[in-house]
Amino acid sequence: VSYPSIVGEMLASGFSVIGFSWICSPACTELEVVVMDWLAKFLKLPAHFLHETEGPGGGVIQGSASEAVLVAVLAAREQAVRRERERHPEVSESDIRGKLIAYSSDQSNSCIEKAGVLAAMPIKLLPASEDLVLRGPALKAAIERDVAAGYIPVICVATLGTTGTCAYDDIESLAGVCEEHEVWLHVDAAYAGGAFALDECAELRRGLDRVDSLNFNLHKFMLVNFDCAAMWLRDANKVVDSFNVDRIYLKHKYEGRTQIPDFRHWQIPLGRRFRALKVWITFRTLGAEGLRAHVRKHIDLAAQFESLVKADPRFELVAPRALGLVCFRPKGDNELTSQLLLRL
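Residues numbered from 1 in each chain as written. Predicted model: local features only at pLDDT ≥ 70, side-chain atom pairs only at ≥ 80, totals over all residues. Heavy atoms only, no water.

Participant: Can you break down the packing of helix 3 (residues 65-87) against helix 5 (residues 110-118) residue by residue, with the values?
Facilitator: The geometry of helix 3 relative to helix 5 is characterised by a closest axis approach of 9 Å and an angle of 45° between their N-to-C directions. When the interaxial angle is binned, helix 3 and helix 5 end up oblique. Like other packed secondary-structure pairs, helix 3 and helix 5 cross with a definite hand, here right-handed. The residues of helix 5 that touch helix 3, namely those facing S66, V69, L70 and V73, are C111, I112, A115 and L118. (Axes fitted to C-alpha atoms, helices over the stretch in contact; angles between N-to-C directions. Helix = DSSP H or I, 4+ residues; strand = E, 2+ residues; numbered from the N terminus. Parallel < 35°, antiparallel > 145°, perpendicular 65-115°, else oblique. Left-handed = near helix turned anticlockwise from the far one by under 90°. Contact = heavy atoms within 4.5 Å.)

Participant: Got a sec to walk through the nonpolar core? Specific residues and values, please.
Facilitator: With 63 residues, the main nonpolar core has L45, L139, F196, L218, M222 and W232 as its most contacted residues. With eight residues, helix 10 (residues 276-311) is the single largest residue contributor to this core. Mapping this core onto the domain boundaries places at least three of its residues in each of domain 1 (3-286) and domain 2 (288-343). Residues in contact with L218, not counting those within four places in the same chain, are L39, L223, V224, C228, A229, A230 and V279. With 35 residues, the next largest nonpolar core counts L70, V81, V157 and W266 among its residues. (Core = buried A, V, L, I, M, F, W, Y, C linked by side-chain atoms within 4.5 Å. Buried < 20%, exposed > 50% of the residue type's maximum accessible area, 1.4 Å probe, protein only. Domains from an automatic or database assignment.)

Participant: Pulling in residues and values, what's your account of the pattern of salt bridges?
Facilitator: Going through the model one piece at a time under the given rule, you end up with 25 salt bridges. Put simply, E9 and K278 hold a salt bridge, and the shortest N to O gap is 2.8 Å. Of this pair, E9 sits in helix 1 (residues 3-15) while K278 sits in helix 10, and the two are 269 residues apart along the sequence. Taken individually, E9 and K278 each receive the classification buried, so the pair is uniform in this respect. Here the salt bridges share partners, and the residues they tie into one network are E9, D227, R273, R275 and K278. (Salt bridge = Lys/Arg side-chain N within 4 Å of Asp/Glu carboxyl O.)

Participant: Which residues make up the sheet that holds strand 6 (residues 213-217), and what values go with them?
Facilitator: Reading across from one edge, 1-7-6-5-4-2-3 is the order of the seven strands in this open sheet, with mixed pairing throughout. Two strands bound the open sheet, and with one partner strand each, they are strand 1 (58-62) and strand 3 (123-126). Put simply, the sheet's adjacent strands are angled 20° from each other on average, direction ignored. Each of strand 2 (100-105), strand 3, strand 4 (152-159) and strand 5 (184-188) touches helix 5; the most contacted strand, strand 3, lies at about 155° to it. Of the strands in this sheet, strand 2, strand 3 and strand 4 touch helix 6 (residues 136-148), which is tilted by about 160° from strand 2. (Pairing = 2+ DSSP bridges.)

Participant: An account of the domain arrangement of the chain is requested, with residue identities and associated values reported.
Facilitator: Segmenting the chain into domains produces domain 1 (3-286) and domain 2 (288-343). Facing 21 residues of domain 1, the contacting portion of domain 2 comprises 16 residues. Counting the surface lost from both domain 1 and domain 2, the interface buries some 1,500 Å², and carbon and sulfur atoms represent 72% of this. Per-residue buried area on domain 1 facing domain 2 is highest for F42, L198 and F221; these three make up 33% of the total on that side. A salt bridge links R296 to E200, with the nearest nitrogen and oxygen atoms 2.7 Å apart. In this assembly, domain 1 and domain 2 are joined by four residue pairs in polar contact (both at pLDDT 80 or more). When residues of the side of domain 1 that touches domain 2 are assigned to their parent elements, the largest contribution, three residues, is made by helix 10. Of the residues in the side of domain 1 that touches domain 2, the class split is 14 nonpolar, five polar and two charged. (Buried area = accessible area lost by both parts, 1.4 Å probe. Polar contact = N/O pair within 3.5 Å; in protein donor to acceptor, adjacent residues only side chain to side chain. Nonpolar A, V, L, I, M, F, W, Y, C, P; charged D, E, K, R; others polar.)

Participant: Any details on the pairing of strand 1? Residues and values, ideally.
Facilitator: Counted residue by residue, strand 1 has five buried out of five residues, so it is predominantly covered. Side-chain alternation along strand 1 places G58, V60 and Q62 on one buried face and G59 and I61 on a second face that is also buried. Strand direction decides the pairing type here: strand 1 and strand 7 (residues 229-233), joined by five bridges, are antiparallel. Pairing of G58 across the sheet is with L233, part of strand 7.

Participant: I'd love a proper account of the state of the cysteines, names of residues and values included.
Facilitator: Inspection of the entire model under this criterion finds zero disulfides. Among the cysteines around C28, which has no disulfide bond, C24 carries the closest sulfur, lying 8.5 Å off. Judged by relative accessible area, which is 0%, C28 ranks as buried. Free of any disulfide, C201 has its nearest cysteine sulfur in C166, 9.8 Å distant. Residue classification places C201 among the buried residues on the basis of a relative accessible area of 13%. (Disulfide = S-S within 2.5 Å.)

Participant: I'd like a description of the side chain of R205, backed by residues and values.
Facilitator: Relative to the helices and strands, R205 is located in the loop between strand 5 and strand 6. In this structure R205 is buried but unpaired, with D199 as the nearest side chain of opposite charge at 4.9 Å. Residues contacting R205, with those up to four places away along its chain left out, are L43, K44, F196 and L198. (Lys, Arg positive; Asp, Glu negative; His and termini not counted.)

Below you can see the structure in the form of structure tokens.
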């Protein structure tokens with residue numbers, strides 16, 4: 001966390017904006033459009049995720065990665081149901097919903113499995129390779145088995161920077177399979193997404209031009225206090241169409257203005273906090289280079305710690321160092337690891 005972020009949080013609390021639509025507070029919506037495009041450029045994301053480019057893509061600030069993943073899962077589910085009903089009008093909607101299925105890695109965060117529970121759609125946790133990476137062939141085999149059994153694949157949630165070891169799923173090979181089977185591909189980059197901003201980590205961005213949505217937590221690497229999770233959509237209309245519920249008291253004469261979204265359609269709740277303000281103040285105060293230096297410092301500290309672990313015969317590494325994460329353990333029985341953890 002940083003003091004500019006705290007100042008932004010205090011100001012937003014004082015303004016007490018409930019910005020579910022543009023008319024509630026134009027600054028709340030328009031500043032979010034600005035900072036989400038700033039972030040996309042800072043992280044060097046594909047241009048179709050920017051509000052300022054032609055097309056239906058754009059970014060939105062969610063509360064957490066859990067919310068972002070749930071939004072993607074629910075939108076993908078509704079899009080799949082509509083697609084199947086158009087192709088098979090003779091099949092009831094309940095029958096279609098009963099056949100939906102989704103996929104992720106057994107290394108993925110618990111929020112992904114929880115999203116499946118909340119969406120009433122099973123999420124299969126596919127076994128990752130020995131290097132803890134999920135790749136296209138494993139997903140392809142699972143989809144083909146399920147299609148043959150009568151199931152309808154909906155979404156694959158890949159991870160860039162898994163919780164356990166900060167492993168990176170192979171986005172390009174997964175994208176090829178998803179494109180072949182009309183499966184939504186979401187990328188959870190809650191922690192590692194901050195490294196997209198570094199040229200030396202450009203490899204992490206490989207394949208992002210082929211994903212349907214992705215999320216990254218500013219409250220992990222970007223010195224913004226919790227809660228603040230950025231989410232980008234290749235086609236925001238798919239989310240809006242899935243979640244849109246309009247009442248007379250929500251209408252205003254400026255609806256439908258170009259590049260001015262009503263973000264209530266992009267999220268679970270109706271009301272929303274003015275989170276963009278603390279992002280804007282943090283960026284304006286620390287600057288892009290200041291934020292990059294912060295990420296590099298974390299990576300350098302991890303490299304120092306890794307060298308200390310390697311030099312100490314009592315310990316061993318259990319996974320390659322990744323960004324700011326070093327996975328290590330005392331050699332010997334697992335009880336030693338448990339004792340060390342309790343002491344720490």
